[in-house]
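A closer look at the structure
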Amino acid sequence: MSSRADRLAKRLEDKGLDLMVVTNLVNVRYLSGYTGSNGAAIVGPEVRVFFTDFRYVEQASEQVPDFERVKGERDLLGDVAERLSGRVGFEDGSMTVRSFERLKGLVGDGAELVAAGNLVEELRAVKENAEVDAIRAAAQLADSALSTVLERGLAGRTERKVAQQLEEEMRALGAEEPSFPSIVAAGSHGALPHAEPRDREIERGVLVTIDWGARLDGYCSDCTRTYATGELSGEASEVYEVVRRAQESSSDSVRAGAGGKAVDAVSRDIIGEAGHGDHYGHGLGHGVGMEVHESPRLAPTSDDTLVAGNVVTVEPGVYVPGRLGVRIEDLVVVTDDGRDVLSGLPKELQVV
């Protein structure tokens, strides 16, 4: 973990900052290895200090060997403030206004607080090999869980029961928790990209979109597949093939140096040419790691450029109001010589 703090310290020098206060717990875990619910860190060129309260002292002694450890009060800002001087960066994207004003009052004239942007998140966007392995393991676990669920079929079961079984299977296989609430959406309900599972039985002859993921060892997976529960209408079959083609083509365009906007455009062009441009209202994808939504973004408004080590979703969709929805999503790692797909389930239309 210390190498991550070293990389952050180098970036602080480039930004003209003497120190950075890290209070976002995901970022604290990334830098230090600490998994508790109350912690903060200060990082500088020669500074590695970790703060927690008495409840987590023993845990921190095991998890945070590379930082000086300080036992503070439950509200750690007072203890943090005592160690600040010079130009100090803070996480303006996640620190609340109340916490900022309190910290500002505590440091007084002793330090200048400077908005540091997303410095840690930018580091997190480029995964180390061990992080990619963790995400791969989470994706494989999630695939195994859904495969077990599909053995029981979909038609005749409620969306909610399918989602519940899926989450139970992930936990049974060792997941800490789902990466996010699982989506199971059948028929016209699939036209809602973030549909919530209902207590309504899934009918035969419809499409069912399942979007799910597992958190394992602190890292998330994210995948979507759309299945048929019997013979489909011509429209449903055609839409599925359009989305599958858009997904595979855009996945093929993921590589180091590609722009997030350009990769998104590959899917958008295919779906638009098929007459469904108005039915594709979200971006193609997003980064995944310790959180299920990270940088970089694949979207019409993205100014990100992909680099080796990025892990992104590739998830085009078509949502026809009142009729149907299709989304197909893979997790893709950008490599030095192309990309590696972590999602293992088939993308040809499966009848369940």
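A few points on the structure. Keep in mind the model is a prediction, meaning the values are calculated, not measured.

**Section: the overall build of the protein chain**
Secondary structure summary: the protein chain contains 10 helices and 19 strands in total. In summary, the protein chain has a C-alpha radius of gyration of 23 Å against a globular reference of 20 Å for 352 residues, a match within 12%. The principal-axis extents of the C-alpha atoms in the protein chain amount to approximately 70 × 40 × 35 Å. In the protein chain, the share of contacts with a sequence separation of at least 24, taken over all contacts with a separation of at least 6, comes to 65%. For the protein chain, the exposed area adds up to about 15300 Å²; of that, 46% sits on carbon and sulfur atoms. Here the protein chain holds 39 positive side-chain charges and 60 negative ones, and the gap between their average locations is 2 Å.

**Quick word on the nonpolar core**
Leu-8, Met-20 and Val-22 are the most contacted members of the largest nonpolar core, which has 37 residues in total. Broken down by secondary-structure element, the contributors of at least two residues to this core are helix 1 (2–15), strand 1 (19–22), helix 2 (25–32), strand 2 (40–44), helix 6 (119–124), helix 7 (129–150), strand 11 (219–220) and strand 18 (330–335). Excluding anything up to four places from it in sequence, Met-20 contacts Leu-8, Leu-12, Ala-41, Ile-42, Val-43, Gly-89, Glu-91, Ala-116, Leu-119 and Val-120. Within the second largest apolar cluster, 27 residues are counted, among which are Leu-232, Ala-258, Val-312 and Val-332.

**As for the pairing of strand 8 (residues 183–186)**
Going residue by residue along strand 8, you find Ile-183 and Ala-185 tucked away on one face and Val-184 and Ala-186 tucked away on the opposite face as well. As defined by bridge partners, strand 8 adjoins strand 9 (residues 207–212) across 4 bridges and the pair is classed as antiparallel. Among the inter-strand pairings, Val-184 is bridged to a residue of strand 9, identified as Ile-210.

**A short note on the pattern of salt bridges**
This structure, assessed with the given rule, holds 26 salt bridges. Lys-10 is the salt-bridge partner of Asp-14, the closest N and O atoms lying 3.2 Å from each other. Residue Asp-14 and its partner Lys-10 are located together in helix 1, separated by 4 residues, close to a single helical turn. Residue Asp-14 is classed as exposed on the basis of its relative accessible area, which comes to 56%. A relative accessible area of 48% means that Lys-10 is categorised as partly exposed. For the salt bridge of Asp-330 with Lys-347, the shortest nitrogen-to-oxygen distance reads 2.5 Å. With a gap of 17 residues between them, Asp-330 in strand 18 and Lys-347 in the segment after strand 19 (338–341) connect regions that are remote in the sequence. With respect to burial, Asp-330 and Lys-347 carry one shared label: buried. Ionic contacts of the salt-bridge type, sharing partners, join the residues Arg-4, Arg-7, Glu-128 and Glu-131 into one network.

**Examining the layout of surface pockets**
Of the pockets and cavities examined, the largest pocket occupies roughly 540 Å³. In terms of lining, the largest pocket is formed by 28 residues, of which the most central are Ile-183, Pro-193, His-194, Asp-211 and His-293. Elements with a minimum of two residues in the lining of the largest pocket: helix 8 (159–172), strand 13 (285–287) and strand 14 (294–298). Broken down by element, the lining of the largest pocket gets its largest block of residues, 4 residues, from helix 8. Counted by class, the lining of the largest pocket contains 11 nonpolar, 8 polar and 9 charged residues. By volume, the second largest pocket is sized at about 230 Å³. Taken together, 15 residues form the lining of the second largest pocket, with Thr-23, Asn-38, Gly-39, Leu-77 and Ser-99 sitting closest to its centre.

**Side note on the packing of aromatic side chains**
Given two aromatic rings, one states the distance between the centres and the angle between the planes to describe the pair. What the rule picks out here adds up to 3 aromatic pairs. Their ring planes at 90° and their centres at 5.9 Å tell us that Tyr-34 and Tyr-56 sit as a pair that is edge-to-face. Note that Tyr-34 is positioned in the loop between helix 2 and strand 2 and Tyr-56 in the loop between strand 3 (47–53) and helix 3 (57–63), a separation of 22 residues in sequence. Owing to a relative accessible area of 1%, Tyr-34 belongs among the buried residues under this scheme. Among the aromatic residues, ring-to-ring pairing joins Tyr-34, Phe-50 and Tyr-56 into one connected group. Positioned above the aromatic ring of Tyr-280 is the side chain of Arg-268, whose terminal nitrogen or guanidinium carbon lies 3.9 Å from the ring centre.

**A closer look at the sheet that holds strand 3**
Within the open sheet, the 6 strands sit side by side as 4-3-2-1-5-6. Their pairing is mixed. Both edges of this open sheet fall to strand 4 (68–72) and strand 6 (111–115), since each of them pairs with a single strand only. Mean inter-strand twist for the sheet, computed between neighbouring axes without regard to direction, equals 25°.

**Considerations on unusual backbone geometry**
Of note, the amide linkage connecting Ser-295 to Pro-296 takes the cis form, showing an omega dihedral of 0°. Position of Pro-296 relative to the elements: it lies in strand 14. Unlike most non-glycine residues, Asp-217 shows phi in positive territory, near 50°. With respect to the secondary-structure elements, Asp-217 resides in the loop between strand 10 (214–216) and strand 11. Assessed through its relative accessible area of 56%, Asp-217 is described here as exposed.

Thresholds, definitions, all that
- Residues numbered from 1 in each chain as written.
- Predicted model: local features only at pLDDT ≥ 70, side-chain atom pairs only at ≥ 80, totals over all residues.
- Heavy atoms only, no water.
- Helix = DSSP H or I, 4+ residues; strand = E, 2+ residues; numbered from the N terminus.
- Rg over C-alpha atoms; globule rule 2.2 N^0.38 Å.
- Contact = heavy atoms within 4.5 Å.
- Areas by Shrake-Rupley, 256 points an atom, 1.4 Å probe, with all protein chains shown as cover.
- Lys, Arg positive; Asp, Glu negative; His and termini not counted.
- Charge placed at Lys NZ, Arg CZ, Asp CG, Glu CD.
- Core = buried A, V, L, I, M, F, W, Y, C linked by side-chain atoms within 4.5 Å.
- Buried < 20%, exposed > 50% of the residue type's maximum accessible area, 1.4 Å probe, protein only.
- Pairing = 2+ DSSP bridges.
- Salt bridge = Lys/Arg side-chain N within 4 Å of Asp/Glu carboxyl O.
- 1 Å grid on protein atoms, 1.4 Å probe; cavity = no way out; pocket = protein on both sides within 12 Å on 5 of 7 lines; lining within 4 Å.
- Points joined across faces, edges and corners; volume = space filled by probe spheres on them.
- Nonpolar A, V, L, I, M, F, W, Y, C, P; charged D, E, K, R; others polar.
- Phe/Tyr/Trp six-rings, centres within 6.5 Å; stacked < 30°, edge-to-face > 60°.
- Lys NZ or Arg CZ within 6 Å of the ring centre and 35° of its normal.
- Axes fitted to C-alpha atoms, helices over the stretch in contact; angles between N-to-C directions.

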